[in-house]
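Observations on chain architecture
Chain by chain, the residues:
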Amino acid sequence: MHLQGNQLPQNQEKPEQFKSFDVLASIDLLRFDLQTSDKISPETWNRVRDEEMSYIAEGINRPLHTEFVLHEENGTLVYFHEGQWKPYMSTLFKGLETAVHEKAIDSRRAFMADRAAYDLQIGYQLLGLSPGQKLVWHSSFPHEAHKQFGDKFISDLGFWPSRKMGFIYQAQKNSDESLLLSTQSVDGSDEDGFRAALERANDKQFSIEDLRNAYDEVMENKYAHKFYAGRRIDSELPEQNAWEAIAQHDDLLQYYFTNLESLARQNGSRAELDKSKKRLTYGVWAAIKERLSVAARSSNYRDVTKNIEYNPRSLDNEINQAYRLLSARGEILFGCGGSITGEDALLEGEAKDVFESIFGSKDETLKCVTCPLCKEEGVDAHVHRDDASKTKTITCSKCKQSKSYSL
């Protein structure tokens, strides 16, 4: 079931959360409240914060554990959208309808329709829970589809090939009929590990941590190494949870959401609003990534952001600098040598591609508009980033030539 992180579907036409990032979705939610009641409801703010932070958290190369409450109204689970609580099951029906439609267009997506049908089945089971009851299930990385269709196809659907990341879910019905949903990412998507996690759920008392531990025990027995959330670790201290890693940058988040509201109150054209939102979003993403990179190199990284005061002027400078550096890399990241350069590469590119250029792995494959080396159009190129030497090397799959750029 693809309720990853604290995310609820912001676009019912797209069942996969990570498949597409609607840059203006949050602005539209805030604007609806402002236009109908001249104020933003706490429920809308909670949804906007959860969705914006979930998108970042799912892309950071760390374990992810979150908890989210689905509310109940008139015997059904609901989520808040445009000033009212709407049935959550409707998103699952729409998700299945969309997946079946996309399968008819592209037969490679057949497995996504199967997943959407499973999501709907889980939804019905959630509705049938009584207070105190729990339900456990998992969502695995699509190994077979990845093997058949490759990295790009799978990553475009929202999966992470380098991590083969899956999720373990635990839902518990509360006494007030609401539902507490806990989510834990696990790398590798090992079927024996998932099986062990589900078996651990047969214990009278268990938690999402117990399920994760069961998964890791299988990985440790298989590979004779210590694991945490399916990831090899070399110390007793596990990696920091991705959600916590983002949440600790409260000053950046406060700046971001304050400026989101300011944009929602503006009356400019939608095209100008789109550009302004992208500049804000991409700048904050880049600033968060830079802070995380600095923190990862520090021996006391958990304390790096403590006692940071909220200073809008200082944050303006930090975010603008991060955005300028990102813009300067736009030619390499999106134009592959020529057709789109600088800020245009960010504003005209897909939000997903910008996100991956910031938070993605050091090695990646991108589709060139025109190879800067042999001038061939539509050539796949392999890119290697080296943070130590501050360089990025692009190698064309056709002419096999390589060229390095300064980041």
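Bear in mind that the values here come from a model prediction, so they are computed numbers and not experimental data. (Residues numbered from 1 in each chain as written. Predicted model: local features only at pLDDT ≥ 70, side-chain atom pairs only at ≥ 80, totals over all residues. Heavy atoms only, no water.)

Attention now moves to the pattern of salt bridges. Under the definition given, this model contains 18 salt bridges. The partner of lysine 277 in a salt bridge is glutamate 52, with the nearest N and O atoms 3.5 Å apart. Placement of lysine 277 in helix H10 (residues 270-296) and of glutamate 52 in helix H2 (residues 42-59) is noted, with a sequence separation of 225 residues between them. In this pair, the class of lysine 277 matches that of glutamate 52, namely buried. A salt bridge links arginine 109 to glutamate 102; the shortest N-O distance between them is 3.1 Å. Residue arginine 109 shares its accessibility class with glutamate 102, and that shared class is buried. One network of salt bridges, in which partners are shared, links Arg163, Asp187, Arg231 and Glu239. (Salt bridge = Lys/Arg side-chain N within 4 Å of Asp/Glu carboxyl O. Helix = DSSP H or I, 4+ residues; strand = E, 2+ residues; numbered from the N terminus. Buried < 20%, exposed > 50% of the residue type's maximum accessible area, 1.4 Å probe, protein only.)

Across the protein, the average pLDDT comes to 80, with 77% of residues at or above 70. Note on residues 1-20: pLDDT is under 50 here. Beyond four places in sequence and across chains, it has 77 contacts. (pLDDT = per-residue confidence, 0-100. Contact = heavy atoms within 4.5 Å.)

Tallied over the full model, the rule gives 12 aromatic pairs. Considering the side-chain rings of phenylalanine 111 and phenylalanine 159, the 6.4 Å spacing of their centres and the 40° angle between planes classify their relative orientation as tilted. Pair noted here: phenylalanine 111 is in helix H4 (residues 110-127) and phenylalanine 159 is in the loop between helix H5 (143-156) and strand S5 (166-173), with a separation of 48 residues, a long-range link. Summarising the burial analysis for this pair, phenylalanine 111 and phenylalanine 159 share the class buried. Three or more aromatic residues link up through ring pairs in this structure, and these residues are Trp45, Tyr256 and Phe257. (Phe/Tyr/Trp six-rings, centres within 6.5 Å; stacked < 30°, edge-to-face > 60°.)

Inspection of the secondary structure puts histidine 249 in the loop between helix H8 (242-247) and helix H9 (250-264). A distance of 3.3 Å separates polar atoms of two side chains, one belonging to histidine 249 and the other to arginine 291. (Polar contact = N/O pair within 3.5 Å; in protein donor to acceptor, adjacent residues only side chain to side chain.)

Read from one edge to the other, the open sheet built from 6 strands follows the order S3-S2-S1-S6-S5-S4, with strand pairing classed as antiparallel. In this open sheet, the two strands that pair with only one neighbour each are strand S3 (84-87) and strand S4 (134-139). Averaged over all pairs of adjacent strands, the angle between strand axes in this sheet comes to 35°, irrespective of strand direction. Pairing geometry for strand S2 (residues 76-81) and S3, over 4 bridges, is antiparallel. Within S3, the position partnered with valine 78 by the bridge is proline 87. Those strands touched by H4 are S2, S4, S5 and strand S6 (179-186), and its axis lies near 170° from that of S4. Docked against the sheet, helix H7 (residues 208-223) engages strand S1 (65-73), S4, S5 and S6, running at close to 150° with respect to S5. (Pairing = 2+ DSSP bridges. Axes fitted to C-alpha atoms, helices over the stretch in contact; angles between N-to-C directions.)

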